[in-house]
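# Chains, contacts and geometry: an overview
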Amino acid sequence: MVQETPSPHRDETAFFDAVEALPRDALSRLQEQRLLPMVRHVYEHSALVRHNWDAAGVHPRDIKSVADFKRLAPFMDKDQIRDWRDEHDDPFGGILCIPPRDVSFIASSSGTTGDPTLFSWQWGSRDGLDPACPGLDPDGPSSFWPNTHRDLWQMGVRPGEVIVMLANRIRGPVFRVLERVGAIPLLLSHEPDDLCAFLEMSRRYRPTVLFTASNPFIHQLEQLASETRVDMRDVFSSYKAVMFAGEPMGPRSKRLLESWGLEGRIFNQTAFGDIAVAHECTAHDGMHAHEDIALVELVDPQTGDVIEGDGVGELCVTSLLNHVDPLIRYRSGDMVRITSEPCACGRTGMRYWAVGRSGDEVVVDDRTVLPMDVWGAVEDVAECSAGLFQIIRADRHMPALRLRVGHNGTGDPDAIRRRLIASVHAAVGLRPEIELVPDDELLKLGPPNKIPRTAKQ
């Protein structure tokens, strides 16, 4: 039997714990060891999962292996969670597996792709981090985001270092993660009033990590630096890592960070199917899917068929540790490219690259367009350099490419529109219809760190 994840060490090796370099066969055995009790636990306690499984004629006694699970278990998605929430007046969407009174912390998704859904945590009895997960060693890893501990360690974070943490909807658990690695959180927000504080705190306390930057935050920093003439290379001189999250990094944001001396120290973060988050390592060659906390599958978004081996498809994940609100065969809507080849950093788990969301693409004249396809073209127009835009997508197939684009309020609108049309046409071969709006109007549409990149109207 494969042993559970060893306790984390604090020496100067690259890995936070040994599971990061497990051989594939040992990792597969560990997944099965964790999956089978999880299936029984979720069927017993999750109303939505039990409903789905009963409707499909599947019972946990039918699941004796990972192969059985992949063959028999039905999928779930966020729309099912929302529908259960609305139909049963259950704010947790039918996935909470503990009594609500035992929940320690509630957060929500950002809501940029629809109504926000809830995430729940329960601090453990030993130190507030470890789970009482059925079938798992109580001295094993944390039930929430043990991958983040590992990723911070791999980026070079060590006990006693200061990490700037910009407020987000999952601030509580992230705070606990930083405590777990022995770091000192310095709490700020994405709000404009905290920009000056960020500059001052960075120079006074010399943090080593920013958790996390965003396109709007970087753009606002650029504006403040221009007004105050502060040396941004000095501000970021102590940082080992700037983690970027919320949405894909715009090309201009990347160039700005590199001009501030951060080349090679920018680490992208993306969703790991609403189970956790995933990060790049120092090799900067894909996001690491820590497969001891989630079973990963690739699904054809149109047919629902499982795609075997490496390739491109919709990311589907199953919780292996989370006993509070686990997701089982959860179709994330995120299109990714996956490889199971070992990483140059030495880790053996899967890596993936975000391609886009399955609901974000628009097809015009048989050409598929995703937000990233036009991002750089929008940023290249000076008055629109904040990169704030939306693709107007009433349906997947549209007669024309329609864009709503933010601008900074300077220049002639007709001239800006002409340059945008030329820039986007050069990028994707389509002449878009452009609606210009002030940057501030688009920023109101989402949380401070991102906006919805598609809209129905």
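Residues numbered from 1 in each chain as written. Predicted model: local features only at pLDDT ≥ 70, side-chain atom pairs only at ≥ 80, totals over all residues. Heavy atoms only, no water.

## Observations regarding empty space enclosed by the protein
Condition: A cavity, in this analysis, means grid points on a 1 Å lattice covering only the protein atoms where a 1.4 Å probe fits yet has no way out; a pocket is instead an open set bounded by protein on both sides within 12 Å along at least five of seven lines, and a residue lines either one if it has an atom within 4 Å of a point. Grid points are joined across faces, edges and corners, and a volume is the space filled by probe spheres set on the points. Classification convention: Asp, Glu, Lys, Arg as charged; Ala, Val, Leu, Ile, Met, Phe, Trp, Tyr, Cys, Pro as nonpolar; all other residues, Gly among them, as polar.
For the structure shown, the criterion picks out three cavities of 30 Å³ or more. Within this model, the largest cavity holds a volume of roughly 100 Å³. Residue composition of the lining of the largest cavity, grouped by class: three nonpolar, four polar and five charged.

## What about the packing of helix H2 (residues 47–56) against helix H4 (residues 78–88)?
This is how it is decided: Helix axes use the C-alpha atoms of the stretch in contact, all axes being lines fitted to C-alpha atoms, and the angles between their N-to-C directions lie in the range 0 to 180 degrees. Secondary structure is summarised from DSSP: a helix means a run of H or I of at least four residues, a strand means a run of E of at least two, and numbering begins at the N terminus for each. Relative orientations are named as follows: roughly parallel for angles under 35 degrees, roughly antiparallel for angles over 145 degrees, roughly perpendicular for angles from 65 to 115 degrees, and oblique for any other angle. Two helices that cross are described as forming a left-handed crossing if the nearer one is turned anticlockwise from the farther one by less than a right angle, and a right-handed crossing if clockwise. Contact definition: two residues touch when any of their heavy atoms are within 4.5 Å.
For the pair H2 and H4, the least separation of the axes is 11 Å and the interaxial angle reads 110°. Our classification of the angle between H2 and H4 gives roughly perpendicular. Handedness of the H2/H4 crossing: right-handed. Of H4, the residues touching H2 (which contributes Ala47, Leu48, His51 and Asn52) are Gln80, Ile81 and Trp84. Considering only residue class, the contact of H2 with H4 consists of four nonpolar, three polar and no charged.

## With respect to the side chain of threonine 208
Let me state the cut-off plainly: Pairs of N or O atoms are called polar contacts if they sit within 3.5 Å, as long as, within protein, a hydrogen donor faces a hydrogen acceptor (for residues adjacent in sequence, only side-chain-to-side-chain pairs).
Here threonine 208 lies in the loop between helix H7 (195–205) and strand E6 (209–213). In this structure the side chain of threonine 208 is engaged in a polar contact, spanning 3.0 Å, whose partner is the side chain of glutamate 161. Among all residues touching threonine 208, those that are not within four sequence positions of it are Glu161, Val162, Ser238, Tyr239, Lys240 and Ala241.

## Remarks on the nonpolar core
Looking at soluble globular proteins, one finds that nonpolar side chains tend to be buried together. This is how the line gets drawn: Put simply, buried Ala, Val, Leu, Ile, Met, Phe, Trp, Tyr and Cys residues joined by side-chain atoms within 4.5 Å make one nonpolar core. Burial here depends on accessible area, computed with a 1.4 Å probe over protein chains only, as a share of the maximum for the residue type. Under 20% is buried, over 50% is exposed, and the range in between is partly exposed.
Ranked by size, the top nonpolar core spans 39 residues in total, and within it Trp53, Phe69, Met76, Phe272 and Tyr352 carry the most contacts. Residue assignment for this core shows that the elements contributing at least two residues are helix H1 (24–45), H2, helix H3 (66–72), H4, strand E9 (276–279), strand E11 (294–299), strand E12 (311–319) and strand E13 (330–339). Among the elements that line this core, the one with the most residues is H1, at five residues. Residues Leu166, Leu199, Met232 and Val242 belong to the second largest nonpolar core, which totals 28 residues.

## Details of the packing of helix H8 (residues 215–228) against helix H10 (residues 251–262)
Direction vectors running N to C along H8 and H10 enclose 50°, while the axes themselves pass 10 Å from each other. When the interaxial angle is binned, H8 and H10 end up oblique. When you trace H8 past H10, the crossing you get is left-handed. On H10, the residues touching Asn215, Ile218, His219, Leu221 and Glu222 of H8 are Arg252, Ser253, Leu256, Leu257 and Trp260. Residue classes in the contact of H8 with H10 are distributed as five nonpolar, three polar and two charged.

## Digging into the confidence of the model for the protein chain
The test is simple: What pLDDT expresses is the predictor's confidence in each residue, scored from 0 to 100.
Looking at the protein chain, the pLDDT average stands at 88 and 89% of residues meet or exceed 70. Of all secondary-structure elements in the protein chain, the lowest mean pLDDT belongs to helix H6 (residues 171–180), at 75, while H2 reaches the highest, 98. Ignoring residues within four places in sequence, the model shows residues 1–11, a span with pLDDT below 50, making 35 contacts including any to other chains. Counting contacts from residues 125–144, a segment whose pLDDT is below 50, to residues more than four positions away or on other chains yields 51 contacts.

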